[in-house]
Amino acid sequence: MSKTIRIGTRDSELALWQAKIVQSLLEKEGHKTELVPVKSTGDLVLDKPLYELGITGIFTRTLDIAMLNHDIDIAVHSLKDVPTVLPKGIIQAAVLKRGNVNDTLVFKNNEEFLSAKNAVIATGSLRRKAQWLNRYPTHTITDLRGNVNSRLQKLQDNDWNGAIFAAAGIGRIGIRPEEAINLDWMIPAPAQGAIMITALEDDEFVKEACATLNHEETEICTTIERKFLNRLEGGCTAPIGALAYIKDEEVHFKGVLLSKDGSKKIQVERSEKLGKHNNLAIYCADYVIERGGKRLMDEIKYSHKITNVVSTKKLTEDQKKLFHEKVVSKSEDFIKINLNRIRPQVLKTEIENVIITSKNAVEALVTNYSAAELQFKNIYCVGRRTKRLIENRIGKVKYTAKNAKALAEHLIQYIEGTEVTYFCSDIRLDALPTILTENNIKVNEVEAYQTKYDGFKVDEAVESVMFYSPSTVESFVRSNNVEIIAFCIGETTAKEANKHFKDVRVAKVPTVESVIELVNEHYV
């Protein structure tokens, strides 16, 4: 028994054009159809919350709800607007043969502005904006939204040089202006130019009817593009482009991920034999992820969130990954280091006792001299990482303490001789030289590097700050007069922080990772 297939569609001119194409194709196959324009969700009710059903897409949500309420039998969408994961109970029933995949620039007067330093281009797409700015970094992008007709009218009404559209969109409804060129260099949105039909998973009659409309080559290519998008965890908020096409029994793919401002770009291209292409999308997405894509996606993901933690030391990418998801961090070096030239006469003979309390002093020594020239009998240091660096680049460490005061107390009892050479900064704490001098141990200070305060004023939303030395505390308070939680790497740093803040917390061990752990414990 046949039934009338109710075709759900949005009520824009382009959406109705697409729905009528599907209607025509179904009627050619002998099916009865009815167009059902769906305008709003205000009077539609579901038994379950939207999030339980996985309903997410801004352009597809209304039709998803109508279908699950059995008000329509199929829905017609521009496939590029459809989330990569469909709601529960809804499936992709067919993809029609693809149209023009390109983006198109509609311009005023002429194209001379493309070679000019200053120009204004309109688009509401992050992907188009990022790719345009990557190619024309001095141009200005202005936001443009609305249906195709209203966007073309806005271009005419404003003092813009041009606006970017999907070629398929303006072509299908027959309003492509003469002043338009395809942007062959711009990688389109995944599945751009393709029309998709969705249906209920348990409606066998409708699924069978739609199957005859499916274009296999388009289905293969758009599936690869959408898998690439899904693997990167992207959507309308990320500048991601993807295009697959089949030629000479090979599937060719190119994809791109950019920063929002277009300054960073990671691109991939790869081909596989048709039939051997199942892992093409995953391979290409992982290629992008491994070359900085994960960092770019995280920056985009958290760009709208307010920073609540500031690190006074630039963190590595691996260290940033250790933060709890509730932590939105920013890291900059509040201290800048300038290595000094160490005079040769300091090292003309073997030094019996050397004290090194930081990795900066190690860098100063090895920058000035080779390991063979650094003749030190006994090396004493502060911190495990400083020890590791010394032993990798200079020589064996005799003793390591957790802080300068503890090292001084050890030396009072166990030092060989009565003299030490201390490679330090122009800004250093008094504890170590004072304790040694008071106990008749001569301290020869060599200024190995200079410390420059380079702090900045933090946003009012910042709740806590990570400190790694007394000088980072000093640099922070020079630019900020605010009450924050101070997460400190050790007791010496905490002692300085206590002069300025009420809530001071100390890491279990003196490492950056331990300070991050302290932060995570607070924000759980």
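Note that this is a predicted model, so its numbers are computed, not measured. Residue numbering note: each chain is counted from 1, following its sequence as written. Residues qualify for local features only when their pLDDT is at least 70, as the model is predicted, and side-chain atom pairs are given and counted only at 80 or more; totals for whole chains, interfaces and linings, by contrast, use all residues. Water and hydrogen atoms play no part in the side-chain values, which are based on all heavy atoms of the structure.

Draft legend 1. View of the nonpolar core. Nonpolar cores are built from buried Ala, Val, Leu, Ile, Met, Phe, Trp, Tyr and Cys residues. Side-chain atoms within 4.5 Å join them into one set. Summary of the burial criterion: residues with accessible area below 20% of their type's maximum are buried, those above 50% are exposed, and those between are partly exposed, where the area comes from a 1.4 Å probe applied to protein chains only. One finds I342, F376, I394 and F423 to be the most contacted residues of the largest nonpolar core, which totals 24 residues. Those elements that place two or more of their residues in this core are β17 (351-356), α11 (359-368), β18 (376-382), α12 (384-393) and β21 (442-453). When residues no more than four places from it in sequence are discounted, the contact partners of F376 are L347, E350, I351, V354, L365, I394 and F423. Core analysis: the next-biggest nonpolar cluster, separate from the first, contains 23 residues, I266, V268, C284 and M297 among them. Where helices and strands are cited, they refer to DSSP runs of H or I of at least four residues and of E of at least two residues respectively, numbered from the N terminus. We call two residues contacting when some pair of their heavy atoms lies within 4.5 Å.

Draft legend 2. Local environment of the environment of A122. Topologically, A122 is positioned in strand β6 (residues 120-122). Residues A122 and V106 lie 16 residues apart in sequence; the distance between their C-alpha atoms is 9.8 Å. The contact partners of A122, leaving out residues within four places of it in the chain, are T142, L144, W160, G162, A163 and I164.

Draft legend 3. Here's a closer look at the domain arrangement of the protein chain. When cut into domains, the protein chain gives domain 1 (1-96 + 194-214), domain 2 (103-182), domain 3 (215-303), domain 4 (305-334 + 454-523) and domain 5 (336-453). Domain 1 puts 6 residues into the contact, and the matching count from domain 2 is 5 residues. We define buried area as the total accessible area lost by two parts upon association, computed with a 1.4 Å probe and summed across both. Contact between domain 1 and domain 2 buries roughly 590 Å² in total, counting both sides, with carbon and sulfur atoms accounting for 62%. Looking only at domain 1, the three residues that lose the most surface to domain 2 are E13, L14 and W17, adding up to 70% of its buried area. We count a salt bridge whenever a side-chain nitrogen from Lys or Arg sits within 4 Å of a carboxyl oxygen from Asp or Glu. Taken together, domain 1 and domain 2 are joined by 0 salt bridges. Under the rule applied, a polar contact is a pair of N or O atoms within 3.5 Å (in protein, one hydrogen donor and one hydrogen acceptor; residues adjacent in sequence only if both atoms are side-chain atoms). On inspection of domain 1 and its partner domain 2, the count reaches 3 residue pairs in polar contact (both at pLDDT 80 or more). Looking at which element gives the most residues to the side of domain 1 that touches domain 2, the answer is helix α1 (residues 13-28), with 4 residues. Residues are sorted three ways: Asp, Glu, Lys and Arg are charged, Ala, Val, Leu, Ile, Met, Phe, Trp, Tyr, Cys and Pro are nonpolar, and all the rest, Gly among them, are polar. Along the lines of polarity and charge, the residues of the side of domain 1 that touches domain 2 split into 4 nonpolar, 1 polar and 1 charged. An automatic or database domain assignment supplies the start and end points of every domain.

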